[in-house]
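Next come the chains, spelled out residue by residue.
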Amino acid sequence: MTIPAPLSLIPAPQTLSPRTGPSEPLTASHVEALASALDAWAPRAAAAARRTLSRSAAPGGAEATVRATLDETLAAEGFTIALAPGSWTLTAADEAGAFWAVQTLAQILRDGVVPTVELSDAPTYPWRGMMLDIARFYFGPEDIRRVVDLAASYRLNTLHLHLSDDQGWRLEIPSRPLLTKLSSAQDVAGGQGGYLTLEDYADLQRYALDRHVVIVPEVDLPGHTHAAQVAYPEISPDGAEREPYTGTEVGFSSLHLTSDEAWGFVDDIVATLAEHTLGEYVHLGGDESLTLTREQYVTYMERLGAVAAAHGTKAVFWQEAAGAALPPETLLQYWTSQIETDHIAQVAREQDVRFIASPGHRAYLDQKYTADFPLGLTWAALIDVEDAYGWDPVTELPGVPAESVVGVEACLWTETPRSFDDLTTLVLPRLPALASVAWGSPKDYATFSAALAQHGRWWDADGIAFYRSTQVDWV
Ligand code: TNX
């Protein structure tokens, strides 16, 4: 009897049958049979099958029977997979479920062998995100596409782009041309910076949607706005001219709270984001406005929420906005217990507002793994793989009921990374851990870390840099 090799699935599925049956080599005819079964109802899953699974397949092969069907009784984004020699069956709740099934198959079949196996999965949380800060350090379209691929391979469905901060403005706004003319050509590394044109933004959104990933753009207001004030001093509190800023302190900047110039600017920005964003949500920041009183801040956020609603877009804000009167269906992104969290539970009970869990000490990919790790910050915690893996989004949020938590987002702030290798070194292997939390995968660190070891082998083969945590027995 042969002992089946481990499947190394991340996120681990909800159910997985014991695998005692025979296996066979993966061939091009399996891949084509699967893709054609998906073509009619899940074209993006079909394209992903042709693109990804083919890499592991031997040419040719005997005819395979593949059934791939929609089963609307499954939970949203859910799927089942049953593989046996010569015969595959896949079912999915919807197109996204079919796409996640193909991502799962990409892991099962990565080494070119089709095992006998049955499994099923469905995500606990509908919002499964990663945030990338391209304001502090600029990563351009090619790098962002690679991040989308990585996120989608771990079945995340949201990429939140932090597009503006004190150090740089990273999205073309046609009605405000000085933003990209005067406030994009620098970053915290003393480099050239950069920005996305609206055409880049449209292309990126299409690329991401082809992978069932929605892009959520963030322009951070009213703080984190030094770069905007360099371009348009009239929106600042004192109207004074400013030089570009490349330090990493936070909390010192704010727009003028009441002037027509400043609110005209905000209206132009929100209008552009609403018009050019394919997803339902736009993130408008609201964190660390440390120069404002609480009352000034709440008044500001209430007016900002109304601007978003007037432009027909739903808004996400950082957790500080809890306690302001916000439009229905607003989402709040929880990031720390180190500031006042008093209003959070009450808002969850009394308003039509729900939460995304990004607790810094678990979900911040910019924190160091260990005290002597060369990249990363330490203000929230040292976060090694087990810390990123072993937590529960509901119990992390103070007093928030389970039904008010819509998701999990892993955040990569870019004060310290300087290259795509630095980016992936901070993200891997913690992103797979956070994806497991977002899917609500059965908790079993031994199985998870054994799977990570195989993924490490694949990252090596693909030339992707990652951190060899001592909490994993890498192979
Ligand atoms: C806090 S998290 C910030 C960011 C920094 C980050 C660094 C949040 C809403 N604001 O401005 O980049 O810490 O970890």
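Residues numbered from 1 in each chain as written. Predicted model: local features only at pLDDT ≥ 70, side-chain atom pairs only at ≥ 80, totals over all residues. Heavy atoms only, no water.

Details of the site of the ligand
Item 1. Close to the ligand lie 14 residues, the nearest being Arg136, Tyr364, Asp366, Trp379 and Glu415.
Item 2. In the model, an oxygen atom of the ligand is placed 2.8 Å from a nitrogen or oxygen of the arginine 136 side chain.
Item 3. A distance of 2.7 Å separates an oxygen atom of the ligand from a polar side-chain atom of tryptophan 379.
Item 4. Here the ligand occupies the second largest pocket.
Item 5. For the shell around the ligand, the class distribution of residues is seven nonpolar, two polar and five charged. (Near = heavy atom within 4 Å. Polar contact = N/O pair within 3.5 Å; in protein donor to acceptor, adjacent residues only side chain to side chain. 1 Å grid on protein atoms, 1.4 Å probe; cavity = no way out; pocket = protein on both sides within 12 Å on 5 of 7 lines; lining within 4 Å. Sits in = over half its atoms within 2 Å of the grid points. Nonpolar A, V, L, I, M, F, W, Y, C, P; charged D, E, K, R; others polar.)

Some details on the sheet that holds strand 5 (residues 87-92)
Item 1. An order of 1-7-4-5-3 is seen for the five strands of this open sheet, with the pairing classed as mixed. Lying at the two open borders of the sheet, with one neighbouring strand each, are strand 1 (15-16) and strand 3 (65-70).
Item 2. Strand direction decides the pairing type here: strand 3 and strand 5, joined by six bridges, are parallel. Pairing of threonine 69 across the sheet is with threonine 91, part of strand 5.
Item 3. In this fold helix 1 (residues 28-39) packs onto strand 3 and strand 5, with an angle of close to 25 degrees to the strand it touches most, strand 3. (Pairing = 2+ DSSP bridges. Helix = DSSP H or I, 4+ residues; strand = E, 2+ residues; numbered from the N terminus. Contact = heavy atoms within 4.5 Å. Axes fitted to C-alpha atoms, helices over the stretch in contact; angles between N-to-C directions.)

Brief notes about the environment of leucine 9
Item 1. On the secondary structure map, leucine 9 appears in the segment before strand 1.
Item 2. Once residues within four sequence positions are removed from consideration, leucine 9 is found in contact with Thr104, Gln107, Ile108, Leu119 and Ala451.

What about the layout of surface pockets?
Item 1. Volume-wise, the largest pocket comes out at about 730 Å³.
Item 2. In this structure, the largest pocket is lined by 27 residues; those nearest its centre are Thr52, Arg55, Asp149, Ser153 and Asp462.
Item 3. If you list the elements that add at least two residues to the lining of the largest pocket, you get helix 2 (43-52), helix 3 (95-108), helix 4 (141-153), helix 14 (420-427) and helix 16 (445-461).
Item 4. Among the elements that make up the lining of the largest pocket, the one with the highest residue count is helix 4 (five residues).
Item 5. Looking at the lining of the largest pocket residue by residue, the classes come out as 13 nonpolar, seven polar and seven charged.
Item 6. In this model, the second largest pocket occupies a volume close to 630 Å³. (Points joined across faces, edges and corners; volume = space filled by probe spheres on them.)

Describing the nonpolar core
Item 1. In terms of nonpolar packing, the biggest core is built from 144 residues, with Leu34, Leu38, Leu105, Leu132, Leu159, Phe265 and Val266 touching the most fellow members.
Item 2. In this structure phenylalanine 265 touches Trp169, Arg176, Leu179, Ala228, Tyr232, Ile235 and Leu255, once residues within four positions along its chain are discounted. (Core = buried A, V, L, I, M, F, W, Y, C linked by side-chain atoms within 4.5 Å. Buried < 20%, exposed > 50% of the residue type's maximum accessible area, 1.4 Å probe, protein only.)

Quick notes on empty space enclosed by the protein
Item 1. Going through the model one piece at a time under the given rule, you end up with one cavity of 30 Å³ or more.
Item 2. Surrounding the largest cavity, Leu34, Val66, Ile81, Ala82, Leu83, Trp88, Thr89, Leu90 and Leu105 form its lining.
Item 3. Among the residues forming the lining of the largest cavity, the class breakdown is eight nonpolar, one polar and no charged.

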